[in-house]
Amino acid sequence: MEAVAPALPAKATAAITTITHFPENPRRLILKHCKTTRDLNQIHSHLVKTGLHRNPTVTENLLECAAILLPTKTMDYALSIFGEIDEPDSLAYNVMLRAFTLRESPHQALILFKKMLEKAVQPDEFTFTCALKTCSKLRALSEGKQIHAHSVKCGLVSNCFVQNTLIRMYANCGSMEVARQVFDALPERDIVAWNSLFSGYSKNGCWENVVKLFREMLELDFKFDGVTLICVLTACGKLADVELGKWIDEYISANGLEGNLNLSTALVDMYAKCGQVETARRLFNQMDQRDVVAWSAMISGYNQARRCREALDLFKVTQMENVEPNEVLLASVISSCAVLGALETGKWVHLYVKKKRIELNVTLGTALMDFYAKCGEVEDLIEVFRRMRLKNVYSWTVLIQGLANNGEGKRALDYYYSMRAKNVLPNDVTFIAVLSACSHGGLVDEGRELFLSMSKDFGIEPRMEHYGCMVDILGRAGLIEEALQFIEDMSIQPNAVIWRTLLASCRPYKNVEIAEEAVNHLVRLEPMHGGDYILLSDVYASVGKWADATRVRNEMKAKGIKKTPGCSLIELDGEIFEIFSEHRVHPQSKEIYNATEKMMTSIKTAGYIPNTAVARLDAEEKDKETAVSHHSEKLAIAFALIKTHPGATIRISKNLRVCLDCHNAIKIISKVYNREIVVRDRNRFHHFKEGQCSCKDFW
């Protein structure tokens, strides 16, 4: 297939004349003073009239102007000029190859290169450089290898431009071993060659190789530059190699390079990713100027350190300073909103994305999907997924996991099968999501089938998480004995999480015998934590073994094991409120506790009976009912009832699993106050509405 040159513009010789003097050698006029299509038409007309268009050098100048210097719309004009050349040489072809590469038309560049070879035009080093850049953009490894072979035949493979482009081409196509072979074969290596290899390792996520190559560079005493250091700092952040990162920091200070914006930003990013957020913030504050990449690095650092409130606070500063956010910054902000359950703030960011017409690429789109999933907004989750132009396996996985966590197991499986119909291959994380969907949806047969499908159809060996999902599927369905047999048949040694999952399954089905066996295994594997004692105590209590339940609680108390303090987050008018169980230091504590007392009185008249068995161990018997009523989720809901308008949905996030008493209480609250209440606890989502919960009372 050949690029077909269009005809010359009909009015090429009739342009309005504004240039009054044409020099004998029009090169400078063409390349320096030709600014518009009208100028191009006028000069071209003059060249045709004077016969100068037959001069190859003059024609190539005109071609360069039309193909490269002027806007994209003149590319057809350039093709028409090229088509009029009787026997274009390599210089003319090079101009067109460069133009196609610059204009993001790599396919046309390859077609033209093939045509050049068919016409027996001898390529030079610039031809090969352009052709290899084209293969790099297309990740066309096969064509790249052919061009590499042709450069060898032409004796140009030793040219430094060709060699450096070869390294970048192989690296971009994922063939780092070949890229390294080309690099090692270089008789002399300049900084461009080193940085090409560094860039290749970085693009392919070979961070250990980046550090290793840098140490090799130091041993050879080869002078590096800022581009090198930025690449190595990125690797340090990925590998948490703060020691090498600090060495580079000291080098930058010793050589007065602090003013380099890109280097300073890379340092901030490195420290943040290594967990040294305070150091990152100090450097960030010291920067004389900050671009959006610097702001993004700092906000991303807070997000990765789970200091999400600080991430959102810093984002507010960017708005006050009129920083135009990019996709990476917005994805970090959205991720922080997801962790905090900050629905209103996240929705504002999504609205900003729509207003600015920012494309929902995979990174930003997937972050938005995760945000809506973690805020319990299922329809918005699906809508973002549908609007994403490009989707990968991670996008599908977030969708499936989000639906599973929100009690939409059947719907999640439908999307899994849709994913397979589109020939998107699932990975091991996808199967965790799919099995979770089966677990929350009570889809036992489907779960068994999908678990077997992992290795049989996709060659994915089950990990501990997959086994844990299967135990959960069987346990939730009441198949406790089968779950125990499944554990005993596992091909890998079950860990504490597996046995803890089995223990949790025993509580609703009152299976004391298997609960005790699970605890015996737990004790051998690791020290039991508070949740294990409480689960076992609840199993005993469920069958009326009060003495055993009390013994377990007393043992927990004797060992000084305490429950992690409950904490609930709620967003009201764009502000995040953090409320702890039985914690009265909140500035609005009096208002919150008065509202809670009133709420508890209301639901008691509707049939609520406090379950004091879940009260803290050190509470006096007479105070246990009060202690239970002051769990963080009840306080947060009471606060929301007085701060939001009637009928508004209430959303809270809790750091622990919702207790049995709170779960029963919230069901009644949703009915008494006619509110939909969405609670995200450590395990899953609970959508309470009209006295019912989406988890069907098993979580």
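The structure under discussion appears in the preceding block.
First, a word on scope: everything that follows refers to the structure included in this document. (Residues numbered from 1 in each chain as written. Predicted model: local features only at pLDDT ≥ 70, side-chain atom pairs only at ≥ 80, totals over all residues. Heavy atoms only, no water.)

## Observations concerning the overall build of the protein
Consideration 1: A count of helical and extended segments in the protein gives 36 helices and six strands.
Consideration 2: By the compact-globule yardstick of 27 Å for 699 residues, the protein is too spread out, its C-alpha radius of gyration being 33 Å.
Consideration 3: Its C-alpha atoms give the protein principal-axis dimensions of roughly 110 × 55 × 55 Å.
Consideration 4: A separation threshold of at least 6 residues defines the contact pool for the protein, and within that pool the share at least 24 residues apart is 62%.
Consideration 5: For the protein, the accessible area works out to roughly 33,800 Å², and carbon and sulfur atoms hold 51% of it.
Consideration 6: Counting 85 positive and 85 negative side-chain charges, the protein places the centres of these two groups 4 Å from one another. (Helix = DSSP H or I, 4+ residues; strand = E, 2+ residues; numbered from the N terminus. Rg over C-alpha atoms; globule rule 2.2 N^0.38 Å. Contact = heavy atoms within 4.5 Å. Areas by Shrake-Rupley, 256 points an atom, 1.4 Å probe, with all protein chains shown as cover. Lys, Arg positive; Asp, Glu negative; His and termini not counted. Charge placed at Lys NZ, Arg CZ, Asp CG, Glu CD.)

## So, a positive patch on the surface
Consideration 1: Taken together, the side chains of Lys133, Arg139, Arg168 and Lys203 make up a positively charged region of the molecular surface.
Consideration 2: Its place among the elements puts Arg139 in the loop between helix H7 (125-138) and helix H8 (141-153). (Patch = residues over 30% accessible without salt bridge, like charges linked within 9 Å, V, L, I, M, F, W, Y side chains within 5 Å. Salt bridge = Lys/Arg side-chain N within 4 Å of Asp/Glu carboxyl O.)

## A closer look at the environment of Asn172
Consideration 1: Note on placement: Asn172 falls in helix H9 (residues 160-172).
Consideration 2: When its relative accessible area of 15% is taken as the criterion, Asn172 is described as buried.
Consideration 3: Between the C-alpha atoms of Asn172 and Met116, which are 56 residues apart in sequence, the distance is 25 Å.
Consideration 4: With sequence-adjacent residues up to four places away left out, Asn172 is seen in contact with Ser136, Lys137, Arg139 and Lys203. (Buried < 20%, exposed > 50% of the residue type's maximum accessible area, 1.4 Å probe, protein only.)

## Here we look at the pairing of strand S3 (residues 650-654)
Looking along a regular strand, one sees the side chains alternate between the two faces of the sheet.
Consideration 1: The buried fraction of S3 amounts to four of the five residues, a majority that puts the element mostly inside the structure.
Consideration 2: Relative to S3, strand S1 (residues 567-572) is paired through three bridges, and the arrangement is antiparallel. Across the sheet, residue Leu569 finds its bridge partner in S3, namely Ser653.
Consideration 3: Here S3 runs beside strand S4 (residues 677-680); their pairing, made up of four bridges, is parallel. Each residue of the ladder has a partner; that of Ile650, found in S4, is Ile677.
Consideration 4: The parallel pair S3 and S4 is bridged by helix H36 (residues 660-672), and the resulting crossover is right-handed. (Pairing = 2+ DSSP bridges. Right-handed = clockwise from strand over helix to strand, strands pointing away.)

## Focus: the pattern of salt bridges
Consideration 1: A complete count under the given rule lists 30 salt bridges for this structure.
Consideration 2: What you see here is one network of salt bridges that share partners, running through Arg180, Asp184, Arg189 and Glu216.

## Side note on the sheet that holds strand S6 (residues 692-693)
Backbone hydrogen bonds hold the strands of a sheet together, and the pairing may be parallel or antiparallel.
Consideration 1: Taken together, the six strands give an open sheet; going across it, the order is S2-S1-S3-S4-S5-S6, and neighbouring strands pair in mixed fashion. Every interior strand has two partners, whereas the edge strands, strand S2 (575-580) and S6, have only one.
Consideration 2: Sheet strands in contact with H36 are S4, strand S5 (685-689) and S6, and its direction is about 40 degrees off that of S5. (Axes fitted to C-alpha atoms, helices over the stretch in contact; angles between N-to-C directions.)

## Quick word on the side chain of Ser453
Consideration 1: Examined against the element boundaries, Ser453 turns out to sit in helix H26 (residues 444-458).
Consideration 2: Setting aside its immediate chain neighbours within four residues, Ser453 contacts Phe431 and Phe458.

## Considerations on the packing of aromatic side chains
Remark: the centre distance and the inter-plane angle together describe each pair of aromatic rings, the angle taken between the planes.
Consideration 1: Summed over the entire model, instances satisfying the criterion amount to 22 aromatic pairs.
Consideration 2: Considering the side-chain rings of Trp247 and Tyr251, the 5.9 Å spacing of their centres and the 15 degrees angle between planes classify their relative orientation as stacked. With Trp247 and Tyr251 both in helix H14 (residues 242-254) and four residues apart, the pair spans about one turn of that helix.
Consideration 3: Taking the relative accessible area as the measure of exposure, Trp247 reaches 35% and is therefore partly exposed.
Consideration 4: Relative to Phe458, the ring of Phe431 lies with its centre 5.7 Å away and its plane at 55 degrees, an arrangement referred to as tilted. Taken together, the residues Phe431 in helix H25 (residues 428-441) and Phe458 in helix H26 connect sequence positions 27 residues apart.
Consideration 5: Joined through ring pairs, the aromatic side chains of Phe214, Phe224, Trp247 and Tyr251 make up one cluster.
Consideration 6: Directly above the aromatic system of Phe284 lies the positively charged group of Arg290, at a separation of 4.5 Å from the ring centroid.
Consideration 7: Lys391 extends its terminal NZ or CZ atom over the ring of Phe385, reaching a point 5.0 Å from the ring centre. (Phe/Tyr/Trp six-rings, centres within 6.5 Å; stacked < 30°, edge-to-face > 60°. Lys NZ or Arg CZ within 6 Å of the ring centre and 35° of its normal.)

Function cannot be read off these values alone, since they describe shape.
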